[in-house]
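Structural description and commentary
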Amino acid sequence: MWLIIGLIAIVVTFVNLYMYTAGKDYKLAMAMGLSFTALTLCAEYSLVSEWVEVKDWAALEDVVPGMERALWFLTIVSILLNIAPILLELKGKK
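Residues numbered from 1 in each chain as written. Predicted model: local features only at pLDDT ≥ 70, side-chain atom pairs only at ≥ 80, totals over all residues. Heavy atoms only, no water.

Across its full length, the protein chain holds three helices and zero strands. Secondary structure elements in the protein chain, listed N-terminal to C-terminal, are α-α-α. With the C-alpha coordinates aligned to their principal axes, the bounding extent of the protein chain is approximately 55 × 20 × 15 Å. Here the protein chain holds 94 residues, and the buried ones make up 26% of them. Long-range pairs, those at least 24 residues apart, make up 70% of the contacts in the protein chain with a sequence separation of at least 6. On the protein chain, roughly 6,700 Å² of surface is accessible, and the fraction owed to carbon and sulfur atoms is 74%. (Helix = DSSP H or I, 4+ residues; strand = E, 2+ residues; numbered from the N terminus. Buried < 20%, exposed > 50% of the residue type's maximum accessible area, 1.4 Å probe, protein only. Contact = heavy atoms within 4.5 Å. Areas by Shrake-Rupley, 256 points an atom, 1.4 Å probe, with all protein chains shown as cover.)

Dropping the structure here:
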């Protein structure tokens, strides 16, 4: 589930950037991109929680360390890409 939501977050983020470059209102797409990013993190946390409940320590040891770094990186990139239009507008007004 987290993979599907994550892919939606990526697509909506690029829609956000496209709408900004096309001169259209991008704020809804920006909010959706950030929202789907948050939902991706929640879905991943739920998966890890399930593994803890069934005591699947092998899955936790294999997946969690790498996923932690990936989720941090992708979340930071998502935030930066989604707020880039606002920052560019602020820079353009100066």
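Another point: the packing of helix 2 (residues 27-53) against helix 3 (residues 57-93). Contact geometry for helix 2 and helix 3: axes closest at 10 Å, N-to-C directions at 170°. Comparing their axes, helix 3 and helix 2 come out roughly antiparallel. (Axes fitted to C-alpha atoms, helices over the stretch in contact; angles between N-to-C directions. Parallel < 35°, antiparallel > 145°, perpendicular 65-115°, else oblique.)

Take helix 2 next. Taking 1.5 Å as the rise per residue, helix 2 with 27 residues should run 39 Å; its terminal C-alpha atoms sit 39 Å apart, in good agreement. Contacts from the buried residues of helix 2 go to helix 1 (2-21) and helix 3. Remark: Lys55 follows helix 2 within two positions and exhibits a positive phi of approximately 55°. (Expected span 1.5 Å × (residues − 1).)

Attention now moves to helix 3. Its 37 residues give helix 3 an end-to-end C-alpha distance of 53 Å, which sits within 8% of 54 Å, the value for a rise of 1.5 Å per residue. Of all bends in helix 3, the biggest is about 45°, found at Ala84, and the proline Pro85 comes one to four residues later. Summarising the contacts, the buried residues of helix 3 are in contact with helix 1 and helix 2. (Bend = angle between axes of the 7 residues up to and from the residue.)

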